[in-house]
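# Fold and contact review
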Amino acid sequence: MAGVVGIDVGATKTVAIAMHAGKVLAAKKIPTSGGGFAKIIDAAAWLAKEISRGHAEKIGVCMAGQVEDGTVFLMPNRDLQGKFDVKKYLEKKTGADVRVGNDGQCFALAEWRMGAAIGCRDVLGITIGTGIGGGIISAMDAKNAGAAIRQRKMAAGAFGGGALLHGAHSQAGEIGHMKLFGRGIACPCGGHGCFERYCGGAGIEAQHFAATGIARSAKEIMEAKGTACECLAKNSASVLGIGLASLANIIDPEMIVLGGSLSEAYCRTPLFGIVKKSYQRECLPRLKSMKIVKAKLEHPSAVGAALLFEG
Ligand SMILES: [Zn+2]
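What you are looking at is a predicted structure, and each value in this text was computed from that prediction instead of being measured.

On a plain count of helices and strands, the protein chain comes out with eleven helices and 13 strands. In terms of principal-axis extent, the alpha carbons of the protein chain reach across some 55 × 50 × 35 Å. The proportion of buried residues among the 311 residues of the protein chain is 48%. At a minimum sequence separation of 6, the contacts of the protein chain that also span at least 24 residues come to 66%.

Structure follows, in structure tokens:
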């Protein structure tokens, strides 16, 4: 099965898909390997081999961390930092052509090209799992854009006129570390009061444990009926709406697409109502009708990693 393999290396699970001619042919999931960057990428290489039956020519990898020019610098939810050249390591190990991106950016790319936001020009994609990631598709202003951006915009012309915003250090869309509260909860990124500490899985679990002394998974907390859980889930939904309003006020997207393992819980009644109410209370008047929708693809970040070869 020659073609492109897309791999999403998350904090807790690693997903691989095999893609050919724009179609996902197979998918496989394993827990993300323990240990350092090398062990995690070794497991990803094994998965690429499995899913492609040893014939992967191109491997796109996205990671839940800070990635620039094929090198990962930080995976905050795995407590990993340093400098690991994923592209070089994986190319040597597999013989394939390798491209590396950020998981939130790849999520937005996939949902825009093939999922909930097809045809849109301005989109914010948000993944809510252990942490929170994001990617921004922007129509930009062609008159003021630099040559490289104009080129990307032209390349993306067939997909609604937008383009994935990379930023000066490839970090655009790292919304999980948007500061919501001054002197707030400490984050593994080194900052305080980050969005994902209040609305991401690891943050919700830590808040629940601090309040009750009981360890529960974020999914259980979001679905349980107990007072502490319900209170925490409702508060997280309200804070999520506030965060979305802040982001919409800055980016002015046509829609926000929510994905990731915890988005199911946020998009269910009654929490989705709280998210939307909180969003509408805080966003600028013109943005009240902006759509907040669920992701359509089954493994969007892995698909987006494969799409790194298309532009
Ligand atoms: Zn942070």
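The subject of this paragraph is the domain arrangement of the protein chain. For the protein chain, the assigned domains read domain 1 (3–107 + 299–310) and domain 2 (119–294). The interface of domain 1 with domain 2 comprises 17 residues on the first partner and 18 residues on the second. For the side of domain 1 that touches domain 2, the elements supplying multiple residues, two or more each, are strand S5 (66–68), helix H3 (103–114) and helix H11 (300–307). No other element matches H3, which puts four residues into the side of domain 1 that touches domain 2. Across the side of domain 1 that touches domain 2, the residue classes tally to six nonpolar, eight polar and three charged.

In this section: helix H1 (residues 37–52). With 16 residues, H1 extends 22 Å from end C-alpha to end C-alpha; this agrees with the ideal 22 Å at 1.5 Å per step. Residues Phe 37, Ile 40, Ile 41, Ala 44, Ala 45, Leu 47, Ala 48, Ile 51 and Ser 52 constitute the buried set of H1. Down the axis of H1, the buried set is contained in an arc of 165°. They therefore lie on one face. Arg 53 occupies a position one or two residues after H1 and carries a positive phi of about 55°.

Take Ser 261: it is sitting in the loop between strand S12 (255–259) and helix H9 (263–266). Sequence separation between Ser 261 and Gly 129 is 132 residues, and the spatial gap between their C-alpha atoms is 5.0 Å.

This paragraph deals with the sheet that holds strand S10 (residues 132–138). In space, the five strands of this open sheet follow the order S11-S10-S9-S12-S13, with mixed pairing throughout. Across the chains shown, the open sheet's two edge strands, defined by having one partner strand only, are strand S11 (163–164) and strand S13 (291–294). Relative to S12, strand S9 (residues 123–128) is paired through five bridges, and the arrangement is parallel. For Val 123, the partnering residue across the bridge sits in S12 and is Met 255. Where H3 meets the sheet, it contacts S9, S10, S11 and S12, and its direction lies at approximately 50° from that of S10.

A few words now on helix H8 (residues 227–251). Under the 1.5 Å per step criterion, the end-to-end length of H8 is 36 Å for 25 residues, consistent within 8% with the ideal 36 Å. Phi for Asp 252, located one or two positions after H8, is positive at around 55°.

The next thing to look at is the confidence of the model for the protein chain. Averaged over the protein chain, the pLDDT score is 90; the fraction of residues at 70 or greater is 92%. The weakest mean pLDDT in the protein chain belongs to helix H4 (residues 147–155) at 52; the strongest belongs to S12 at 98. Every residue in residues 154–159 scores below 50 in pLDDT, and together they form six contacts with partners more than four places removed in sequence or on other chains.

Before going further, it helps to spend a moment on the nonpolar core. Judged by nonpolar contacts, the single largest core of 92 residues is most densely connected at Val 5, Ile 7, Ala 48 and Val 61. It is H8 that contributes the most residues to this core, ten residues altogether. Two domains each donate at least three residues to this core, and these are domain 1 (3–107 + 299–310) and domain 2 (119–294). Sequence-distant contacts of Ile 7, that is, excluding residues within four places in its chain, are made with Thr 14, Ala 16, Ala 44, Leu 47, Ala 48, Ile 59, Val 61, Ala 302 and Ala 305.

All right, on to the pairing of strand S2 (residues 13–20) then. For S2, the buried fraction is high: six of the eight residues fall into the buried class. Both strand S1 (residues 3–9) and S2 contribute to a ladder of six bridges, which runs antiparallel. Bridge assignment links Val 4 to a residue of S2, and that residue is Met 19. Following S2, the chain reverses through two residues before pairing antiparallel with strand S3 (residues 23–31); Ala 21 in that reversal takes a positive phi of roughly 50°.

Cut-off values and rules
- The numbers attached to residues start from 1 for each chain and follow its sequence in the written order.
- Side-chain atom pairs in this predicted model are given and counted only at pLDDT of 80 or more, local residue features only at pLDDT of at least 70, and totals for whole chains, interfaces and linings cover all residues.
- Strands are runs of DSSP state E lasting at least 2 residues, helices are runs of H or I lasting at least 4, and numbering of each runs from the N terminus.
- Between the buried cut of 20 or more and the exposed cut of 12 or fewer other C-beta atoms within 10 Å of a residue's own C-beta lies the partly exposed class, and all C-beta atoms are placed from the backbone.
- Contact definition: two residues whose C-beta atoms, as placed from backbone geometry, lie within 7 Å.
- All domain edges in this entry derive from an automatic or database-based domain assignment.
- Residues were grouped as follows: Ala, Val, Leu, Ile, Met, Phe, Trp, Tyr, Cys and Pro as nonpolar; Asp, Glu, Lys and Arg as charged; and all remaining residues, including Gly, as polar.
- In a helix, the anticipated span is given by 1.5 Å times the number of residues less one.
- Our arc is simply the arc of the directions from the helix axis toward the C-beta atoms.
- At least two DSSP bridges between two strands are required for those strands to pair.
- The axes used here are C-alpha line fits, helices contributing only the stretch in contact, and every angle between their N-to-C directions lies in the interval 0 to 180 degrees.
- Each residue gets a pLDDT score, which is the predictor's confidence in that residue and runs from 0 to 100.
- Here, a nonpolar core denotes buried Ala, Val, Leu, Ile, Met, Phe, Trp, Tyr and Cys residues that are linked to one another through C-beta atoms within 7 Å.

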